[in-house]
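Chain by chain, the residues:
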Amino acid sequence: MTRYLVGRLLGLVTVLLVTSVVVFGALYLAPGDPVSFLLHGRPATPEAVASLRAQYHLDDPVPVQYLKWLGGVLHGDFGRSAQFHQDVAGLIGSRLPGTALLVGYAAVLVAVLGLAGGVLAALRPGPLDRVVLIGTGVATATPSFVTAIALVSLFSVRLGWFPGPGGTSSGLGDRLYHLTLPAFALALTFAGLLARVTRSAMLDELGREHVEVARARGVAERSVVRRHVLRNALGPVVTVGGTMLAGLLISTSIVETAFDVPGLGSLLVQSVTAKDFAVVQAITLLSVAAFVLVNFAVDLLAPLVDPRLSLHGEGSS
């Protein structure tokens, strides 16, 4: 156990370090001088150019620049936004709650819709199973921005049940109300994938010998499903669900931009458009860190949900 945890932590740190090198090095992959890139082509006095070079330590060797940048990141200093003229850490901190609430809302929808759809499809073969398969197929094949346009057109413009993009909100309940359509637009694709995984895992467990034995002994069907089928099917569901949670974090940029949600995703799009490199660096690095940490947590959680899985990802003997 200890060896496994140490190995996983070393792998996590290695991934983050490699990511930091790539994120930092992207500044030098852009065509032209880094100062021109940071100035966005605007004219500047020699004094302003010298100040900018000093601020970003551009006169130092590249390894020294990287170490200074990494040291700042480890202390929570991501630099200063050229677009918003404020510290990147404070800018991200002001946008993070909105994205966290949206991702949390969407994750609940994914879990509820995905698990319910998969369980019903597995336990009710026939018309209901076919409806679920068709519905999940459409959901997984539809891009998030298309889903967002359809939801706004139907529920905001035509029916008027929910506010359109850019609405203001106050209080948790009102914020959740305004985030309902964005959360559904973000969740539907992942809910369709989770429903299919759940259905497959349930069908696999329903064909197991111990399930047939339990039924032959007269155990109630509800108890058989809960104790012998659903419980054993949760292993792959949790593993895939964790990956989907990380995917939700990455997919927020499309939905937040479509619904004008002031979160990290829309901030990333704005920063890429404005070439605000400090913000792009910070959000990219934090997104990769969140992705890696979620997968690490899933690797630790999966054996607890399904004891047949070892920490090394193999079935127990």
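Visitor: Explain the overall build of the protein chain to me, please; I cannot follow it from the model alone.
Guide: When helices and strands are counted, the protein chain shows 13 helices and 0 strands. Along the protein chain, from the amino end to the carboxyl end, the secondary structure elements read α-α-α-α-α-α-α-α-α-α-α-α-α. Taking all 317 residues of the protein chain together, the buried fraction comes to 37%. Taking all contacts inside the protein chain whose residues are at least 6 apart in sequence as the whole, residues at least 24 apart take part in 70%. Element-wise, carbon and sulfur atoms account for 67% of the exposed surface of the protein chain, whose accessible area totals about 17,000 Å².

Visitor: What's the story with a positive patch on the surface in this structure? I'm lost.
Guide: On the surface, Arg222, Arg226, Arg227 and Arg231 cluster together to form a positively charged patch. Mapped onto the fold, Arg231 is located in helix α11 (residues 221-259). Residue Arg231 is classed as exposed on the basis of its relative accessible area of 53%.

Visitor: Can you help me understand the pattern of salt bridges in this one?
Guide: Between side chains of opposite charge, a pair can form when the charged atoms approach closely. Evaluated as defined, the whole model comprises 2 salt bridges. Of the charged contacts, one joins Asp87 and Arg80 as a salt bridge, the two residues approaching to 3.6 Å between their closest N and O atoms. A salt bridge links Arg199 to Asp129, with the nearest nitrogen and oxygen atoms 2.8 Å apart. You can see Arg199 sitting in helix α9 (residues 180-206) and its partner Asp129 sitting in helix α6 (residues 127-141), a full 70 residues away along the chain. Per residue, the accessibility class of Arg199 equals that of Asp129, and both read buried.

Visitor: Would you take a moment to explain the side chain of Ser20 for this structure?
Guide: As for its placement among the helices and strands, Ser20 is situated in helix α1 (residues 2-29). Among the residues examined, Ser20 registers a relative accessible area of 2% and is labelled buried. In this structure Ser20 touches Tyr66, Trp69, Leu70 and Leu285, once residues within four positions along its chain are discounted.

Visitor: How should I be thinking about the packing of aromatic side chains in this particular structure?
Guide: Within the structure shown, the criterion is met by 6 aromatic pairs. Between Phe24 and Tyr66 the ring centres are 5.7 Å apart and the planes differ by 65 degrees, which places this aromatic pair in the edge-to-face class. You can see Phe24 sitting in helix α1 and its partner Tyr66 sitting in helix α4 (residues 62-74), a full 42 residues away along the chain. Accessibility classification places Phe24 together with Tyr66 in one group, the buried group. Arranged with centres 5.5 Å apart and planes meeting at 35 degrees, the rings of Phe162 and Tyr177 form a pair that is tilted. Placement of the pair is Phe162 in the loop between α7 (144-158) and α8 (172-178) and Tyr177 in helix α8, with a sequence separation of 15 residues. Taking the relative accessible area as the measure of exposure, Phe162 reaches 22% and is therefore partly exposed. We classify Tyr177 as partly exposed; its relative accessible area is 34%.

Visitor: Even after reading the chapter, I still don't get a nonpolar patch on the surface, so can you show me in this structure?
Guide: Together, Phe145, Val146, Ile149 and Ile254 give the surface a local cluster of nonpolar side chains, amounting to about 370 Å² of exposed area. Per-element accounting of the nonpolar patch gives the leading share, 3 residues, to α7. Along the polypeptide, Ile254 turns up in helix α11. The partly exposed category is assigned to Ile254, whose relative accessible area is 42%.

Visitor: For this particular structure, what's the right way to read the confidence of the model for the protein chain?
Guide: For any part of a model where pLDDT is low, the fine detail of the predicted coordinates should not be relied upon. Looking at the protein chain as a whole, the pLDDT averages 81, with 88% of positions reaching at least 70. Between the elements of the protein chain, mean pLDDT differs from a low of 66, seen in helix α2 (residues 34-39), to a high of 90, seen in helix α5 (residues 88-123). Across residues 311-317 the pLDDT falls below 50, and counting only partners more than four positions away or on other chains, this stretch makes 10 contacts in the model.

Visitor: Whenever I open this one, the side chain of Ser271 confuses me. Can you help?
Guide: In this fold, Ser271 is placed in helix α12 (residues 264-274). Among the residues examined, Ser271 registers a relative accessible area of 0% and is labelled buried.

Visitor: How do you make sense of unusual backbone geometry when you look at a structure like this?
Guide: The phi torsion of most residues other than glycine is negative, and most of the peptide bonds are trans. Located in the positive-phi region is Asp260, a residue other than glycine, with phi close to 55 degrees. You can see Asp260 is positioned in the loop between α11 and α12. By relative accessible area, Asp260 is classed as exposed at 52%.

Visitor: Sorry, what's going on with α9 here?
Guide: Counting along an α-helix, one turn takes 3.6 residues, and residues three or four places apart therefore face a common direction. At Ala187, α9 shows its largest bend, some 40 degrees. Counting buried positions over the 27 residues of α9 gives 19, a clear majority of the element.

Visitor: Looking at this structure, how should I read the nonpolar core?
Guide: One broad rule of soluble globular proteins: the nonpolar side chains tend to lie buried together. Ranked by internal contacts, the top residues of the largest apolar core, which has 22 residues, are Ala106, Val110, Ala185, Leu186, Leu248 and Phe259. Among the elements of the structure, α5, α7, α9 and α11 are those that each provide at least two residues to this core. Of the residues forming this core, the biggest block, 7 residues, is contributed by α9. One finds Val73, Leu267, Ala282 and Leu285 within the second-largest nonpolar core, a separate group that totals 17 residues.

Rules behind the numbers
- Residues numbered from 1 in each chain as written.
- Predicted model: local features only at pLDDT ≥ 70, side-chain atom pairs only at ≥ 80, totals over all residues.
- Heavy atoms only, no water.
- Helix = DSSP H or I, 4+ residues; strand = E, 2+ residues; numbered from the N terminus.
- Buried < 20%, exposed > 50% of the residue type's maximum accessible area, 1.4 Å probe, protein only.
- Contact = heavy atoms within 4.5 Å.
- Areas by Shrake-Rupley, 256 points an atom, 1.4 Å probe, with all protein chains shown as cover.
- Patch = residues over 30% accessible without salt bridge, like charges linked within 9 Å, V, L, I, M, F, W, Y side chains within 5 Å.
- Salt bridge = Lys/Arg side-chain N within 4 Å of Asp/Glu carboxyl O.
- Lys, Arg positive; Asp, Glu negative; His and termini not counted.
- Charge placed at Lys NZ, Arg CZ, Asp CG, Glu CD.
- Phe/Tyr/Trp six-rings, centres within 6.5 Å; stacked < 30°, edge-to-face > 60°.
- pLDDT = per-residue confidence, 0-100.
- Bend = angle between axes of the 7 residues up to and from the residue.
- Core = buried A, V, L, I, M, F, W, Y, C linked by side-chain atoms within 4.5 Å.

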